[in-house]
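Breakdown of the fold
Residues per chain, in single letters:
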Amino acid sequence: PQHTGKLIYCTRTVPEMVKCMDEIKRVINYRVKMIGPEGGKILALCLSSRRNMCIHPRVLQEGDRETVDSLCRNMTASWVREKSKSGFGGPELCSFYENYNRDGSNAEIP
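Only a predicted model underlies this, so the values are computations on that prediction, with no experimental measurement involved. (Residues numbered from 1 in each chain as written. Predicted model: local features only at pLDDT ≥ 70, side-chain atom pairs only at ≥ 80, totals over all residues. Heavy atoms only, no water.)

Scanning the protein chain from terminus to terminus reveals 6 helices and 0 strands. Mapped from its N terminus to its C terminus, the protein chain presents α and β elements in the order α-α-α-α-α-α. Out of the 110 residues in the protein chain, the part that is buried amounts to 18%. Within the protein chain, residue pairs in contact and separated by at least 24 positions form 22% of the contacts whose partners lie at least 6 positions apart. For the protein chain, the exposed area adds up to about 9,300 Å²; of that, 55% sits on carbon and sulfur atoms. (Helix = DSSP H or I, 4+ residues; strand = E, 2+ residues; numbered from the N terminus. Buried < 20%, exposed > 50% of the residue type's maximum accessible area, 1.4 Å probe, protein only. Contact = heavy atoms within 4.5 Å. Areas by Shrake-Rupley, 256 points an atom, 1.4 Å probe, with all protein chains shown as cover.)

Here it is as structure tokens:
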């Protein structure tokens, strides 16, 4: 069987990341055209700062990078997550992070 490795591409700016994702879309379309539906089975992820990528409604209300980082850390840090397990109405956790953590790499990405 054919085995394909990982490609890790790092960018410095968000516009460069957008260009990279546009290129990945073109590659996927080409692969589907050439080898069929199997060619579209590619997992591509863009990683950026919390300020650019967070989808939690409460965090999205903030525009300041430090505030976003702090709110996110206060809902995802290991010590916060442990404290919430105590069952005494602990701190708010990020449901998006918890769901990802629960499902891991098996999670479906729409």
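Back to the write-up after that little detour.
This next bit is on the environment of arginine 65. Within the secondary structure layout, arginine 65 lies in helix 4 (residues 65-76). Residue arginine 65 is classed as partly exposed on the basis of its relative accessible area of 44%. Spatially, the C-alpha atom of arginine 65 lies 8.6 Å from that of serine 49, the residues being 16 residues apart in sequence. Side chain to side chain, arginine 65 and glutamate 66 meet in a polar contact 2.9 Å long. (Polar contact = N/O pair within 3.5 Å; in protein donor to acceptor, adjacent residues only side chain to side chain.)

As a further point, take the side chain of histidine 56. Within the secondary structure layout, histidine 56 lies in the loop between helix 2 (50-53) and helix 3 (57-60). The class for histidine 56 is buried, based on a relative accessible area of 7%. Only 3.2 Å separates the side chain of histidine 56 from the backbone nitrogen of arginine 58, close enough to count as a polar contact. Of note is the side chain of histidine 56, whose polar atom sits 3.4 Å from the side chain of glutamate 92. Residues within four places of histidine 56 in sequence aside, it is in contact with Met75, Glu92, Cys94 and Phe96.

Moving on, we come to the environment of valine 27. Secondary-structure assignment places valine 27 in helix 1 (residues 14-35). Considered as a pair, valine 27 and isoleucine 42 are 15 residues apart in the sequence and their alpha carbons are 9.7 Å apart.

Here we take up the nonpolar core. Membership of the largest hydrophobic core is limited to 6 residues, which are Cys54, Val59, Val68, Leu71, Met75 and Cys94. In terms of residue count, helix 4 provides more of this core than any other element does, 3 residues in total. (Core = buried A, V, L, I, M, F, W, Y, C linked by side-chain atoms within 4.5 Å.)

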